2 protein chains.
Amino acid sequence: MAKILIIEDEKSIQRMIEYDLKQLGYNVESAIDGLEGYEKASKNNYDVILLDLMLPSMNGMEICKKLREENNDSYIIMLTALDDEYNKVQGLEIGADDYVTKPFSPRVLSARIKVGLRRRVKSSEEDIIYYNDLKIIQSSYEVLKDGINVDLTLKEFELLVYLLINKGRALSRDQLLTNLWGFSYDGDSRVVDVHIFKLREKIDPRAEFIKTIRGIGYKII
Amino acid sequence: MAKILIIEDEKSIQRMIEYDLKQLGYNVESAIDGLEGYEKASKNNYDVILLDLMLPSMNGMEICKKLREENNDSYIIMLTALDDEYNKVQGLEIGADDYVTKPFSPRVLSARIKVGLRRRVKSSEEDIIYYNDLKIIQSSYEVLKDGINVDLTLKEFELLVYLLINKGRALSRDQLLTNLWGFSYDGDSRVVDVHIFKLREKIDPRAEFIKTIRGIGYKII
DNA sequence: TTGTTTTGTAAAGATTGTGTAAATAAAAAA
DNA sequence: TTTTTTATTTACACAATCTTTACAAAACAA
């Protein structure tokens, strides 16, 4: 059963969401302020986190950023005010996965949660990933661009796949290092940059889809 | 004939499935608890394993995980409760191939099994495999290249057949060792490389179709 | 603008993985 | 048994890949 954390300070909203989601069979927990939310999220491994942006004691943006820095890969859905365009954008860059504008219907929320849950498993299960003119076959370690084979090294290949699995999400160098290199890297090495460079050179010379998020890392859009 | 193992503790369900599958001409075996199931699965090479998740003595998830760790490549179908979203997801992550929710009709089950069999059995069931200018006759351990007999040793032959059955898929040395040598190899020996080398020498001097995937293993394209 | 930080890029250096031959061990045949 | 064949280990060179480094370019802040 999927585990969901709600970080929301308005008691009424929080209770309502919690009630709805429990009805749907999810395992729901709540936090009433930023700090508590952050600590819970950090300790437990939630599938989805619903994150209000305006919070006492530690705001949503910070929480999101810190969680990503810790390589937490929960699916984070921001709850934003209707007109807060700036924070939506900001939040997505920082590593949130999606947002829902308040007020929202239970149906909308549930739909978004499902997307998140599906993505967490699905894409890594799919052997073949299509993206623009690329076709990546994981079982045979092949990459085709417009049907033509592109020669990638193992690290390049793994990097590409990982970015695609986390499409739309900004990934920090640290996250990439721990997930692809398999250890927390010490020192300020910049291997990732070099591999991104090589990847771009081979399949994306104009950085059209491997975007640099300054101060954070990289993402594929 | 395809071999299927049912790991299910509820006698009634187990008998029913067994009956149905035997009707369809499968070679069926059953295990009544987790431990027995695991041991059978581990010793014999089943094409498909039907795995109940709630089991006495060793739960389904553990079984699945351990089997995959041993490089067992049976097609594993989990039998889950209707609303057990979490275990489905979890199970697929751990290495199960598919799931069927209880209660299920014989028709549904049989359809899923067929999917699994198609993926696995097909080519290994064929006695004669054609590939480019090669003709491999499994029953007589013969290999002809352009109609001319090529002398392969047993290991070379098995290796060639296994690569061909998994055509297009990159196979790690570990996978090859457990599936062809039949044990989990300790130490970092490189028997596989040597056999690949000999194979190439005899039928593919330019490594035109036995490709090396650096850092991974080998594949036939 | 200027200074500072971050990223892009190229190239050199270090490391790892594979090809290959030859030596040794094990198994099968004579 | 001995001989022959096959399997495995070992060693080494070479090549591919990874990582570091240094500097240029770009982005940002003041």
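The coordinates are above.
All values derive from a computational prediction rather than experimental measurement.

Inspection of the entire model under this criterion finds four aromatic pairs over all chains. Consider the rings of Tyr 141 of chain B and Phe 157 of chain B, whose centres lie 5.0 Å apart with planes at 50°: the pair is tilted. Taken as a pair, Tyr 141 of chain B in the loop between β7 (134-137) and β8 (142-145) and Phe 157 of chain B in helix α6 (residues 154-165) lie far apart in primary sequence, 16 residues in all. Between the NZ or CZ atom of Lys 3 of chain A and the centre of the ring of Tyr 46 of chain A, over which it lies, the distance is 5.2 Å.

The subject of this paragraph is the sheet that holds strand β4 (residues 75-81) of chain B. All names here are of chain B. Read from one edge of the open sheet, five strands run β2-β1-β3-β4-β5, paired in parallel fashion. Edge strands, defined here as strands with exactly one partner in the open sheet, are β2 (27-31) and β5 (98-102). On average, each strand axis in the sheet is inclined to that of its neighbour by 20°, with strand direction left out of account. Of the pairings in the sheet, the one linking strand β3 (residues 48-52) to β4 comprises five bridges and is parallel in character. Within the sheet, the bridge partner assigned to Asp 52 lies in β4 and is Leu 79. Across the face of the sheet, helix α3 (residues 60-69) comes into contact with β1 (3-7), β3 and β4 while running at roughly 150° to β3.

Moving on to the pairing of β1 of chain B. Residues and elements named next belong to chain B. Counting buried residues along β1, four of its five residues qualify, which places the element largely inside the surrounding structure. The pairing of β1 with β2 spans five bridges and is parallel. Bridge pairing links Ile 6 to Ser 30 in β2. Strand direction decides the pairing type here: β1 and β3, joined by four bridges, are parallel. Within the sheet, the bridge partner assigned to Leu 5 lies in β3 and is Ile 49.

Residue and element names in this part refer to chain B. Within the secondary structure layout, Gln 14 lies in helix α1 (residues 11-23). Accessibility expressed as a relative area gives 4% for Gln 14, which makes it buried. Those residues within four positions of Gln 14 in sequence are excluded, and the remaining contacts are Ile 6, Glu 8, Ser 30 and Ile 32.

Take the protein's contact with DNA strand C next. Not every one of the 22 residues close to DNA strand C is listed here, only the nearest: Arg 190, Thr 212 and Tyr 218 of chain A together with Arg 190 and Tyr 218 of chain B. A share of 60% is what sugar and phosphate atoms reach among the atoms of DNA strand C within 4 Å of the protein. Note that a base nitrogen of DNA strand C is positioned 2.7 Å from one of the side-chain N or O atoms of Arg 190 of chain A. The contact in question runs from a phosphate oxygen of DNA strand C to an N or O atom on the side chain of Tyr 218 of chain A, over 2.7 Å. Looking at the surface near DNA strand C, the elements with two or more residues in it are α8 (191-203) and β11 (210-213) of chain A together with α8 (191-203) and β11 (210-213) of chain B. When its residues are assigned to classes, the surface near DNA strand C shows eight nonpolar, four polar and 10 charged.

Cut-offs and rules
Residues numbered from 1 in each chain as written. Chains lettered and ligands numbered in written order. Predicted model: local features only at pLDDT ≥ 70, side-chain atom pairs only at ≥ 80, totals over all residues. Heavy atoms only, no water. Phe/Tyr/Trp six-rings, centres within 6.5 Å; stacked < 30°, edge-to-face > 60°. Helix = DSSP H or I, 4+ residues; strand = E, 2+ residues; numbered from the N terminus. Lys NZ or Arg CZ within 6 Å of the ring centre and 35° of its normal. Pairing = 2+ DSSP bridges. Axes fitted to C-alpha atoms, helices over the stretch in contact; angles between N-to-C directions. Contact = heavy atoms within 4.5 Å. Buried < 20%, exposed > 50% of the residue type's maximum accessible area, 1.4 Å probe, protein only. Near = heavy atom within 4 Å. Polar contact = N/O pair within 3.5 Å; in protein donor to acceptor, adjacent residues only side chain to side chain. Nonpolar A, V, L, I, M, F, W, Y, C, P; charged D, E, K, R; others polar.

Nothing here speaks to function; it is all geometry.
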